[in-house]
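Chain residues, written in single-letter form:
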Amino acid sequence: MTLPFNRLLLKISGEALMGSGAFGIQVPVMERIAEEVADVAALGVKMCLVVGGGNIFRGLATAAQGMDRVAGDYMGMLATVMNALALESALQSKGLAARVQSAISMPTICETYSRASALRHLAQDRVLIFAGGTGNPFFTTDTAAALRAAEMECDALLKGTSVDGVYSSDPKTDVGARRYERLTYGEVLSQNLKIMDPAAITLARDSRIPVIVFSIRTPGALMGAVKGEGRFSLISA
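Residues numbered from 1 in each chain as written. Predicted model: local features only at pLDDT ≥ 70, side-chain atom pairs only at ≥ 80, totals over all residues. Heavy atoms only, no water.

Our next topic: the overall build of the protein chain. Assigned secondary structure in the protein chain consists of eight helices and eleven strands. For 237 residues, the compact-globule formula gives about 18 Å, and the C-alpha radius of gyration of the protein chain, at 17 Å, lands near that figure. The buried share of the protein chain, reckoned over its 237 residues, is 51%. When contacts within the protein chain are restricted to residue pairs at least 6 apart in sequence, those whose partners lie at least 24 apart make up 71%. As displayed, the protein chain has an accessible area near 10,600 Å², and 54% of this comes from carbon and sulfur atoms. If the 23 positive side-chain charges of the protein chain are averaged to one point and the 22 negative ones to another, these points end up 2 Å apart. (Helix = DSSP H or I, 4+ residues; strand = E, 2+ residues; numbered from the N terminus. Rg over C-alpha atoms; globule rule 2.2 N^0.38 Å. Buried < 20%, exposed > 50% of the residue type's maximum accessible area, 1.4 Å probe, protein only. Contact = heavy atoms within 4.5 Å. Areas by Shrake-Rupley, 256 points an atom, 1.4 Å probe, with all protein chains shown as cover. Lys, Arg positive; Asp, Glu negative; His and termini not counted. Charge placed at Lys NZ, Arg CZ, Asp CG, Glu CD.)

On to helix α3 (residues 69–93), then. The terminal C-alpha atoms of α3 lie 37 Å apart, and with 25 residues this matches the ideal 36 Å at 1.5 Å per residue to within 8%. The distance from a side-chain oxygen at the start of α3 to the backbone nitrogen of V70 is 3.3 Å, and the residue carrying that oxygen is D68. Phi turns positive one or two residues past the end of α3, at G95, with a value near 90°. (Expected span 1.5 Å × (residues − 1). Polar contact = N/O pair within 3.5 Å; in protein donor to acceptor, adjacent residues only side chain to side chain.)

For the pair helix α1 (residues 27–41) and α3, the least separation of the axes is 9 Å and the interaxial angle reads 60°. In terms of axis orientation, α1 runs oblique to α3. Judged by the sense of rotation from one axis to the other, the crossing of α1 with α3 is right-handed. Counting all contacts with α1, which are made through M30, E31, A34 and V37, the residues of α3 involved are A86, L87, A90, L91 and S93. Of the residues contributing to the contact of α1 with α3, the split by class is seven nonpolar, one polar and one charged. (Axes fitted to C-alpha atoms, helices over the stretch in contact; angles between N-to-C directions. Parallel < 35°, antiparallel > 145°, perpendicular 65-115°, else oblique. Left-handed = near helix turned anticlockwise from the far one by under 90°. Nonpolar A, V, L, I, M, F, W, Y, C, P; charged D, E, K, R; others polar.)

Quick look at the pattern of salt bridges now. Within this structure, the stated rule accounts for 13 salt bridges. For the salt bridge of K46 with D125, the shortest nitrogen-to-oxygen distance reads 2.5 Å. With K46 in strand β2 (residues 46–51) and D125 in the loop between α4 (115–123) and β5 (127–131), this pair connects stretches of sequence that are 79 residues apart. In this structure K46 comes out as partly exposed when scored by relative accessible area, which is 23%. Taking the shortest distance from any N to any O, the salt bridge between R148 and E151 comes out at 2.7 Å. In this pair, R148 and E151 both sit in helix α5 (residues 141–151), three residues apart, roughly one turn of the helix. Taking the relative accessible area as the measure of exposure, R148 reaches 5% and is therefore buried. Several salt bridges converge on common partners, so that one network encompasses D164, R179, E181 and R231. (Salt bridge = Lys/Arg side-chain N within 4 Å of Asp/Glu carboxyl O.)

Note that soluble globular proteins tend to have their nonpolar side chains buried in a common cluster. Residues L10, M47, L158 and F214 are the most contacted members of the largest nonpolar core, which totals 45 residues. Setting aside chain neighbours within four positions, we find L10 in contact with V37, M47, C48, L49, V50, L158, G160, F214 and L222. Counting residues in hydrophobic clusters, the runner-up holds 29 residues, among them A145, L157, I209 and V211. (Core = buried A, V, L, I, M, F, W, Y, C linked by side-chain atoms within 4.5 Å.)

Functional significance is not addressed by these values, which are geometric in nature.
Okay, here's the thing in structure tokens:
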């Protein structure tokens, strides 16, 4: 099968790893996601991942309660490393060669991010998991995903969410929320749609990287989005 993508970046939230739980990682959920990534990689697509840390710690939420924002953001970055290491193990259990690279240097645990070494890993068909956000406070993991997608010259950025695309408002609380099949970057920004933060959308736009939004909670939806099937929303020029 000839696919329109040779290289993809998948962004998933830390909450996606919780499953139906309230905290942490549900191993069966993580194993399913790893299996789906392995299925896409088996098609010859080179895969990168960025995972959030909200299942463990949310810096912005604690800042709202009075904690120092910078300290909270760094704690959130460390949470993404924990999730990335768990995903690395899950992917390796599926027979994939996987590597974690962190924007925050911690060489006894994982590699420090380097674009040159990351590109070499991709050339050797290794799955890359980027952790530690951008390495800076005040930037979300969405922005980190757009940044890494640009640096890795990915053909698209897939964002796995808890819903099957982009909506005008939260469909979990608004039964009248409108679902969009396709949007431009400008429409997402001008309508202040909350699917990704403005910095991430702007970076994707400037790098000409389409964003595909789908439900990571739906089994098979990742492969469907990669093949252009199923339910997803496309954000492009």
